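Structure assessment
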Amino acid sequence: YKDILKSILDDIKNLNEISNGLLDLAKASSDISAITKQKVRIDELLWSARTELLNRKKEYKIAIQFITSIDDESLLTINGNEHLLKTAIFNLMDNACKYSADNSVSINLSVIDKLFTIEFIDNGIGIEPDELEKVFQPFYRAQNAKNISGSGLGLPLTKKIMEIHGGQLDIVSKINSGTTVKMIIPISN
């Protein structure tokens, strides 16, 4: 009975994750002008998403470091929707840890030419070159990721969130060597 109940609970959690992902994707795809934006500190979102993820997944290891020194705190502020940006960051942290054998991600932050760049670097299974663009389609899962739990909604949602914020999402990956996902977001002044 315990095994059956655990299986049912896992199924319910999976359905809940898919439902929430679809709701977030629908919100992000709706009227962009209806999305409220305000000044948001991107570093605070990173630390908050990290704390939330580590509370859920104790086995994850998430290292955050600044690559460029940032003396002016206004360079850490962007005009955006806090919930959507935190969701995007959370998704990328979770993916990197989930697909790494050691459940870890290194996150590098830098500010160059009025652009805030966050790199999520894992040493995981990687993505085949012919599948790199497909991973942005809702429900698409790379062939080598089928045995790892997921819904195929995280990357499409994250890409849409970046578009809403005038940013972009780039992926560089090598099979069995890892993946680097780069978020590039314009800085607000």
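The rules behind the values
Residues numbered from 1 in each chain as written. Predicted model: local features only at pLDDT ≥ 70, side-chain atom pairs only at ≥ 80, totals over all residues. Heavy atoms only, no water. Helix = DSSP H or I, 4+ residues; strand = E, 2+ residues; numbered from the N terminus. Buried < 20%, exposed > 50% of the residue type's maximum accessible area, 1.4 Å probe, protein only. Contact = heavy atoms within 4.5 Å. Areas by Shrake-Rupley, 256 points an atom, 1.4 Å probe, with all protein chains shown as cover. Core = buried A, V, L, I, M, F, W, Y, C linked by side-chain atoms within 4.5 Å. Expected span 1.5 Å × (residues − 1). Polar contact = N/O pair within 3.5 Å; in protein donor to acceptor, adjacent residues only side chain to side chain. Axes fitted to C-alpha atoms, helices over the stretch in contact; angles between N-to-C directions. Parallel < 35°, antiparallel > 145°, perpendicular 65-115°, else oblique. Left-handed = near helix turned anticlockwise from the far one by under 90°. Nonpolar A, V, L, I, M, F, W, Y, C, P; charged D, E, K, R; others polar. Phe/Tyr/Trp six-rings, centres within 6.5 Å; stacked < 30°, edge-to-face > 60°. Lys NZ or Arg CZ within 6 Å of the ring centre and 35° of its normal.

**Examining the overall build of the chain**
A count of helices and strands for the chain gives four helices and seven strands. N-terminal to C-terminal, the α/β element order of the chain is α-β-α-β-β-α-β-β-α-β-β. Within the chain, buried positions represent 44% of all 189 residues. A fraction of 68% describes how many contacts in the chain between residues 6 or more apart in sequence connect residues 24 or more apart. Carbon together with sulfur atoms contributes 53% to the accessible area of the chain, which is approximately 10,400 Å² in total.

**Considerations on the nonpolar core**
Counting residues in each nonpolar core, the largest one holds 45 residues, and the members touching the most others are Met-93, Ile-107, Phe-120 and Met-183. Elements with a contribution of two residues or more to this core: helix H2 (42-56), strand S2 (61-66), helix H3 (82-98), strand S4 (104-112), strand S5 (115-121), helix H4 (154-164), strand S6 (168-174) and strand S7 (178-186). Ranked by residues supplied to this core, first place goes to H3 with nine residues.

**As for H3**
Its 17 residues place the ends of H3 24 Å apart at the C-alpha level, agreeing with the 24 Å of an ideal helix rising 1.5 Å per residue. H3 sits mainly inside the fold: 14 of its 17 residues count as buried. N-cap assignment for H3: the residue whose side-chain oxygen lies 3.2 Å from the backbone N of His-83 is Asn-81.

**Quick notes on the packing of H3 against H4**
As a packed pair, H3 and H4 sit with axes 9 Å apart at the nearest point and diverge in direction by 140°. Accordingly, the angle class assigned to the pair H3 and H4 is oblique. For the crossing formed where H3 meets H4, the hand is left-handed. Two secondary-structure elements touch here, H3 through Leu-84, Leu-85, Thr-87, Ala-88, Asn-91, Leu-92 and Asn-95 and H4 through Gly-154, Leu-155, Leu-157, Thr-158, Ile-161, Met-162 and Ile-164. Residue composition of the contact of H3 with H4, grouped by class: nine nonpolar, five polar and no charged.

**Some remarks on the packing of aromatic side chains**
Taken as a whole and assessed by the stated rule, the structure comprises zero aromatic pairs. Above the face of the Phe-136 ring, Lys-159 is positioned so that its terminal group lies 4.4 Å from the ring centre.

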